[in-house]
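What follows is each chain in one-letter form.
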Amino acid sequence: MSASNVYYELYRRSSIGVALIDSLDELIKDSKIQPQLAMKILSTFDRSISEALTEKVKSTRLSFKGHLDTYRFCDDVWTFIILDVHFKMEGNEAIVADKIKIVANNVKKPGEQ
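Starting afresh in each chain, residues are numbered from 1 along the sequence in its written order. The model is predicted, so local features are restricted to residues of pLDDT at least 70 and side-chain atom pairs to those at 80 or more, both for listing and for counting; the totals for chains, interfaces and linings are taken over all residues. With hydrogens and water excluded, all non-hydrogen atoms of the structure serve as input to the side-chain values.

Would you take a moment to explain the packing of aromatic side chains for this structure?
A ring pair, where both rings are aromatic, is described by two values, the distance of the centres and the angle of the planes. Stacked, tilted and edge-to-face are the three classes assigned to paired rings of Phe, Tyr and Trp, where Trp is represented by its six-membered ring and a pair needs centres within 6.5 Å; plane angles under 30 degrees give stacked, over 60 edge-to-face, the rest tilted. For the coordinates displayed, the defined rule picks out three aromatic pairs. The interplanar angle of 45° and the centroid separation of 5.7 Å between the aromatic rings of phenylalanine 64 and phenylalanine 87 together place this pair among those described as tilted. On the criterion of sequence distance, the pair formed by phenylalanine 64 in strand E1 (residues 62-74) and phenylalanine 87 in strand E2 (residues 77-89) is long-range, its members being 23 residues apart. Relative accessible area decides the class of each residue, using a 1.4 Å probe on protein chains only: under 20% of the type maximum gives buried, over 50% gives exposed, and in between gives partly exposed. The buried category is assigned to phenylalanine 87, whose relative accessible area is 19%. Where tryptophan 78 meets phenylalanine 80, the ring centres are 5.6 Å apart and the plane angle is 10°; that geometry is what we call stacked. Counting from the N terminus, the helices are the DSSP runs of H or I reaching at least four residues and the strands are the DSSP runs of E reaching at least two.

Take a look at the structure:
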């Protein structure tokens, strides 16, 4: 796989990614598929979800306020844990959350300069 075809594995930890991994593990355990096929399926998932979010998700402006609890920077990835968060979206719609986690990756794909 060339560097231009490498995608972040971030969405594997989403609920749909975890469900996919659980299903693939079950299929491997039952000898229905080989582990190599499962890895190819996960690579396709990484690419597909990244492309779908880039192309299909509507961009909306929002602002938020909260209390920064934790932050870290590792391997070009920022992670922020924010408590008591108040979101304000276009149209003055407001949402409150007790805790959120923001993971911010470099725009470039891994391996790109």
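What is the right way to look at the side chain of threonine 79 in this model?
Mapped onto the elements of the fold, threonine 79 is located in strand E2. When its relative accessible area of 11% is taken as the criterion, threonine 79 is described as buried. Residues are treated as being in contact if the distance between any of their heavy atoms lies within 4.5 Å. If we skip the residues at most four places from it in the chain, threonine 79 touches Thr70, Tyr71, Arg72, Lys101, Ile102 and Val103.

Teacher, can you tell me more about the packing of helix H1 (residues 15-29) against helix H2 (residues 35-56) here?
Two packed helices can be described by the angle between their axes and the distance between those axes. One way to put it is that H1 packs onto H2 with a least axis distance of 10 Å and a crossing angle of 165°. The orientation of H1 with respect to H2, classified from their angle, is roughly antiparallel. As H1 packs across H2, the resulting crossing turns out to be right-handed. Here H1 contributes Ile16, Gly17, Leu20, Ile21, Leu24 and Ile28 to the contact with H2, which in turn contributes Pro35, Ala38, Ile41, Leu42, Phe45 and Ile49. Ten residues, namely Ala, Val, Leu, Ile, Met, Phe, Trp, Tyr, Cys and Pro, are considered nonpolar, four, namely Asp, Glu, Lys and Arg, are considered charged, and the remaining ones, Gly among them, are considered polar. Taken together, the residues that form the contact of H1 with H2 break down as eleven nonpolar, one polar and no charged. Lines are fitted to the C-alpha atoms to define the axes, a helix being fitted only along its stretch in contact, and any angle between axes, read from their N-to-C directions, falls within 0 to 180 degrees. Angles are sorted into four bins: roughly parallel if under 35 degrees, roughly antiparallel if over 145, roughly perpendicular if 65 to 115, and oblique for all others. Each crossing gets its hand from how the near helix is turned against the far one by less than a right angle, where anticlockwise is left-handed and clockwise is right-handed.

How should the side chain of arginine 12 be read in this particular structure?
Here arginine 12 is to be found in the segment before H1. Here a polar contact is recorded for every N or O atom pair within 3.5 Å, except that within protein the pair must consist of a potential hydrogen donor and a potential acceptor, and residues adjacent in sequence are included only if both atoms are side-chain atoms. Among the polar contacts listed, one links the side chain of arginine 12 to the side chain of aspartate 46, at a separation of 2.6 Å. For arginine 12, the residues in contact, after removing those within four places along its chain, are Gly17, Val18, Ile21, Leu42, Ser43, Phe45 and Asp46.

Sorry if this is basic, but what is going on with H2 here?
Residue pairs spaced three or four apart in an α-helix point in one direction, given the helix's 3.6 residues per turn. Every helix has an expected span of 1.5 Å times one less than the residues it contains. Counted at 1.5 Å a residue, the expected span for H2 with its 22 residues is 32 Å, and the 31 Å between its end C-alpha atoms agrees. Inspection of H2 places Ala38, Leu42, Phe45, Asp46 and Ile49 among the buried residues, and these make up the whole buried set. Viewed along the axis of H2, the buried residues span an arc of 100°, placing them on a single side of the element. Along H2, the residues that are exposed and aim more than 90 degrees away from the buried face are Gln36, Lys40, Thr54 and Glu55. Note: the arc covers the axis-to-C-beta directions of the helix.

On their own, these measurements won't tell you what the molecule is for.
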